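Below are the chains, spelled out letter by letter.
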Amino acid sequence: MVLPKGPITFANLEIGRNSIYEIGAIGGHAGVLPEIAQSFGYDPFTHPVDLVSAVAPHDSLRHNIDFAKERLGPDGLSLARGWAERSGLLVPVARSFMPPEEAIPQSVDLAIITGGVRNWMERRQKRLQELHAAGTTIKAVLLAGSDCRTMNQAEGPDVQEDMTEASYLEKVIAPALTGIVADEDKVKVVRVPGLTGDEVARRLERHISDEQLNGYILVTANAGNWPQNTGQVRRGIRATVPEFDTEHGRLVVVSDGFALGETGNEPPITHQNPLSAVGMILRNVLELDRHRA
């Protein structure tokens, strides 16, 4: 697969070669990162770790919306939509994490889905099913989620009282995926006693065989989150196995696409709020910056 030439977006950025400040530089615009910084009153080349803390500090992205509205003013929605569109935040991808030109192999040794809100987990499940239906062989599946974050029943009709991310993966996602592997015992759920994506990622390596580490590992993600999700998995594994993915192209990722809201009032199950997308952009840029070396 050769990605089309053109402006740098999340979908075609080559980590370590393209600058994070180039993302979304198109049509006379600077990159989205300098524009976001300036719009919130910061130097255009403020490091993304500082911008995340200042602009989108809440892990629950929707809790950053009111602050963005206040700081960006009446043009905030239009600005945020432009950043999301120009950055390619919500377009589907099928690529290796480093570099982007590598295609998804016809046979994957291990597919990983991590926890999140119910909508994200369901979308990851469906994307993996689509990939399998299109002819990719999935040899094993690893589902890993927090056993500390209790889900809200308002997240969806199949979320039961006191259900955690891990128990949702076990009771809902795992049964839906048993048909895509030859041996249903190859679908494994890992319950992580931690809240963050980094904590989940650090627990993965002990559940991955040497054969899988030397083969192709796929992160099945969702639009808007795949750079952060895949980057966390890569860092988590490399913390114990530093040689993992030094041959670029062994860690691959697929994500779906998702609609960008126009008014900010669309249901979150069908559309991404542009103002909460600002935090997604910053977190993704921060994660990509961690992999430059």
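Report follows, based on the coordinates. (Residues numbered from 1 in each chain as written. Predicted model: local features only at pLDDT ≥ 70, side-chain atom pairs only at ≥ 80, totals over all residues. Heavy atoms only, no water.)

### Let's talk about the overall build of the chain
Scanning the chain for helices and strands turns up 10 helices and 10 strands. A globule of 293 residues ought to have a C-alpha radius of gyration of about 19 Å, and the chain, at 18 Å, matches this closely. Counting every position in the chain, which comprises 293 residues, the buried fraction comes to 55%. For the chain, contacts bridging at least 24 residues in sequence account for 74% of all contacts bridging at least 6. In the chain, the 29 positive side-chain charges and the 38 negative ones have mean positions that sit 1 Å from each other. (Helix = DSSP H or I, 4+ residues; strand = E, 2+ residues; numbered from the N terminus. Rg over C-alpha atoms; globule rule 2.2 N^0.38 Å. Buried < 20%, exposed > 50% of the residue type's maximum accessible area, 1.4 Å probe, protein only. Contact = heavy atoms within 4.5 Å. Lys, Arg positive; Asp, Glu negative; His and termini not counted. Charge placed at Lys NZ, Arg CZ, Asp CG, Glu CD.)

### Overview of the packing of aromatic side chains
For the structure on display, the rule yields 2 aromatic pairs. With a centroid separation of 6.2 Å and an interplanar angle of 20°, the aromatic rings of Phe-40 and Phe-67 are classed as stacked. Taken as a pair, Phe-40 in the loop between helix 1 (32–39) and helix 2 (48–55) and Phe-67 in helix 3 (residues 65–72) lie far apart in primary sequence, 27 residues in all. In this structure, Arg-123 packs its charged tip against the face of Phe-258, placed 3.9 Å from the ring centre. Lying across the ring of Tyr-216, Arg-250 places its NZ or CZ 4.7 Å from the centre. (Phe/Tyr/Trp six-rings, centres within 6.5 Å; stacked < 30°, edge-to-face > 60°. Lys NZ or Arg CZ within 6 Å of the ring centre and 35° of its normal.)

### What about the side chain of Asn-284?
Its place among the elements puts Asn-284 in helix 10 (residues 274–289). A residue is classified by how much of its surface remains accessible, and Asn-284, at 1% relative accessible area, is buried. A polar side-chain atom of Asn-284 sits 3.2 Å from the main-chain amide nitrogen of Gln-228. Apart from the residues lying within four places of it in its own chain, the contact partners of Asn-284 are Phe-10, Leu-89, Gly-224, Asn-225, Pro-227 and Gln-228. (Polar contact = N/O pair within 3.5 Å; in protein donor to acceptor, adjacent residues only side chain to side chain.)

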